[in-house]
Amino acid sequence: MATPADADIVLKLYELRREEVMRKARNYVGMEFWPANVDEFKQIHNPTNPNNVYWRQVISFWEMAAQLPLHGAVDSDLFLATQGEALFIRAKFADISEEATGNTFMPNTKKLVDGSEKAQAQFEAVKKQLAARRAQVVAAKA
């Protein structure tokens, strides 16, 4: 059961997401970056890529945040109900990242989602929606 302290943590996470550079990073990763294939995806990992800093900022933020419920610092149901962006980012990039690297993408977020049937179902639904969106974006680039 969530407590007022849990609510404070969730609100703090929201506040951190509003920071100017973080907003730009979240916009890039969430809305602008739609790699069509593994090679395009791998480009974001190149430290000379100017958007690499955005990538690292967003992924590390959500992986850090996922540690909070995993370690009992915040109620996991409340976290999952209010931090959908973490699930969205994992759903958007999990398949292509794991194909590119052979590693689990956002393992903390995956562990958190895997611990909730509701979150698993939501993850699969978002993943389907994003696959359709990716196809539209890739077609528009061509």
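Rules behind the numbers
Residues numbered from 1 in each chain as written. Predicted model: local features only at pLDDT ≥ 70, side-chain atom pairs only at ≥ 80, totals over all residues. Heavy atoms only, no water. Salt bridge = Lys/Arg side-chain N within 4 Å of Asp/Glu carboxyl O. Helix = DSSP H or I, 4+ residues; strand = E, 2+ residues; numbered from the N terminus. Buried < 20%, exposed > 50% of the residue type's maximum accessible area, 1.4 Å probe, protein only. Expected span 1.5 Å × (residues − 1). Arc of directions from axis to C-beta. Contact = heavy atoms within 4.5 Å. Core = buried A, V, L, I, M, F, W, Y, C linked by side-chain atoms within 4.5 Å. Polar contact = N/O pair within 3.5 Å; in protein donor to acceptor, adjacent residues only side chain to side chain.

Peer 1: Lay out the pattern of salt bridges in plain terms, naming residues and giving numbers.
Peer 2: According to the stated counting rule, one finds eight salt bridges in the structure shown. With a shortest N-O distance of 3.7 Å, Glu 15 and Lys 12 are connected by a salt bridge. Residue Glu 15 and its partner Lys 12 are located together in helix 1 (residues 4-17), separated by three residues, close to a single helical turn. A relative accessible area of 43% means that Lys 12 is categorised as partly exposed. Residues Glu 85 and Arg 26 are paired through a salt bridge, measuring 2.7 Å at the closest nitrogen-oxygen approach. Here Glu 85 is found in helix 6 (residues 84-101), whereas its partner Arg 26 is found in helix 2 (residues 20-32), with 59 residues between them in sequence. Of the two residues, Glu 85 and Arg 26, neither departs from the other in class, the shared state being buried. Each of Arg 17, Arg 26 and Glu 85 takes part in one network of salt bridges that share partners.

Peer 1: Quick rundown of helix 1? Include the residues and the values.
Peer 2: Taking 1.5 Å per residue, 14 residues should reach 20 Å; helix 1 reaches 20 Å between its end C-alpha atoms and fits that length. Residues Asp 6, Val 10, Leu 13 and Arg 17 constitute the buried set of helix 1. The arc that holds every buried residue of helix 1, seen down its axis, measures 55°, which confines them to one face. Looking at helix 1, the residues exposed on the side facing more than 90 degrees away from the buried face are Pro 4, Asp 8 and Leu 11. Structurally, helix 1 contributes buried residues whose contacts are with helix 2, helix 4 (52-70), helix 5 (76-82) and helix 6.

Peer 1: Give me the lowdown on the nonpolar core, citing residues and values where you can.
Peer 2: By size, the foremost hydrophobic cluster in this structure holds 38 residues, and its most contacted members are Trp 55, Trp 62, Ile 89, Phe 93 and Phe 105. The set of elements that each furnish at least two residues to this core consists of helix 1, helix 2, helix 3 (38-43), helix 4, helix 5, helix 6, helix 7 (107-114) and helix 8 (117-141).

Peer 1: Just give me the short version of helix 2, but keep the residues and values in it.
Peer 2: The α-helix advances 3.6 residues per turn, and as a result positions three or four apart in sequence lie on the same side. The terminal C-alpha atoms of helix 2 lie 17 Å apart, and with 13 residues this matches the ideal 18 Å at 1.5 Å per residue to within 8%. Listed as buried for helix 2 are Met 22, Ala 25, Arg 26, Tyr 28, Val 29 and Gly 30. Tucked inside the fold, the buried residues of helix 2 contact helix 1, helix 4 and helix 6. At the N-terminal boundary of helix 2, the capping side chain belongs to Glu 19, with an oxygen 3.1 Å from the backbone nitrogen of Val 21.

Peer 1: Which residues make up the side chain of Gln 83, and what are the values?
Peer 2: Along the chain, the position of Gln 83 falls in the loop between helix 5 and helix 6. For Gln 83, a relative accessible area of 3% corresponds to the buried category. Within the local environment of Gln 83, its side chain forms a polar contact with the side chain of Arg 17, the two groups lying 2.9 Å apart. Setting aside chain neighbours within four positions, we find Gln 83 in contact with Val 10, Leu 13, Arg 17 and Trp 62.

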